[in-house]
Amino acid sequence: MSGKQEGVNIESLSAQQLTAVKKQLDEEVEHLTASYTQLAAAQAKFKECLRIVQTGSSSFDDNKDILVPLTNSLYVKGKLSNPDRVIVDVGTGFYVEKDTRSATEFYDAKVKELGANIQNLEAIVQGKTNNLRVVEEVLRQKVMAQGAGPASAQA
């Protein structure tokens, strides 16, 4: 494959082919929108982690009780052994102990990376949505032309 994409004049496609293209574009837009939602949720999670690391470590002392999240809805009581060191979830179930500065840098980089990915995905979704509108308009015109064709032949 040369990597080049050849354009197809959608005016030359039949209504059945346009319907298939429309269905494919609908599925792609739906999938990309779901991916966008997941990326935005991950970015929000990392922003919350960043906020906690930035503001939390200075407000904790060695003897203060905290709630440690085990799941989204289950917390257990605990104590910080060292408020200047945190455990960071680096993905796929791996955790690393970091100082608060390193943890802040890690989460900040993740937020920026996801922000860039979200912007790229927004552009792709916008392009696919525009393509979908064009296909729907051409399909509507073809259906109207086919409907008007037999009616004018009877007159």
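The structure presented is a predicted model; accordingly, all values stated were derived computationally and were not measured. (Residues numbered from 1 in each chain as written. Predicted model: local features only at pLDDT ≥ 70, side-chain atom pairs only at ≥ 80, totals over all residues. Heavy atoms only, no water.)

(A) The arrangement of the UniProt feature "coiled-coil region" (unreviewed entry) in the protein chain in detail. As recorded in UniProt, the feature "coiled-coil region" (unreviewed entry) lies at residues 15-42. In this annotation, residues 15-42 is assigned 100% helix and 0% strand; the end-to-end C-alpha distance for the span is 40 Å. (UniProt positions renumbered as here; feature names shortened; annotations may be inferred. Helix = DSSP H or I, 4+ residues; strand = E, 2+ residues; numbered from the N terminus.)

(B) Fine view of unusual backbone geometry. The backbone of Thr92 shows a phi angle near 45 degrees, a positive value even though the residue is not glycine. If you trace the backbone, Thr92 turns up in the loop between β3 (85-91) and β4 (94-99). Residue classification places Thr92 among the exposed residues on the basis of a relative accessible area of 75%. (Buried < 20%, exposed > 50% of the residue type's maximum accessible area, 1.4 Å probe, protein only.)

(C) Highlighting the pattern of salt bridges. This structure, assessed with the given rule, holds eight salt bridges. Residue Asp26 is joined to Lys22 by a salt bridge in which the shortest nitrogen-to-oxygen separation is 2.9 Å. In this pair, Asp26 and Lys22 both sit in helix α1 (residues 15-59), four residues apart, roughly one turn of the helix. Exposure remark for Asp26: the relative accessible area of 29% places this residue in the partly exposed category. Residue classification places Lys22 among the partly exposed positions, given a relative accessible area of 22%. Residues Arg85 and Glu97 are paired through a salt bridge, measuring 3.2 Å at the closest nitrogen-oxygen approach. Separated by twelve residues along the polypeptide, Arg85 in strand β3 and Glu97 in strand β4 bring together distant segments of the chain. Sharing partners across several salt bridges, the network here consists of Lys22, Asp26 and Glu136. (Salt bridge = Lys/Arg side-chain N within 4 Å of Asp/Glu carboxyl O.)

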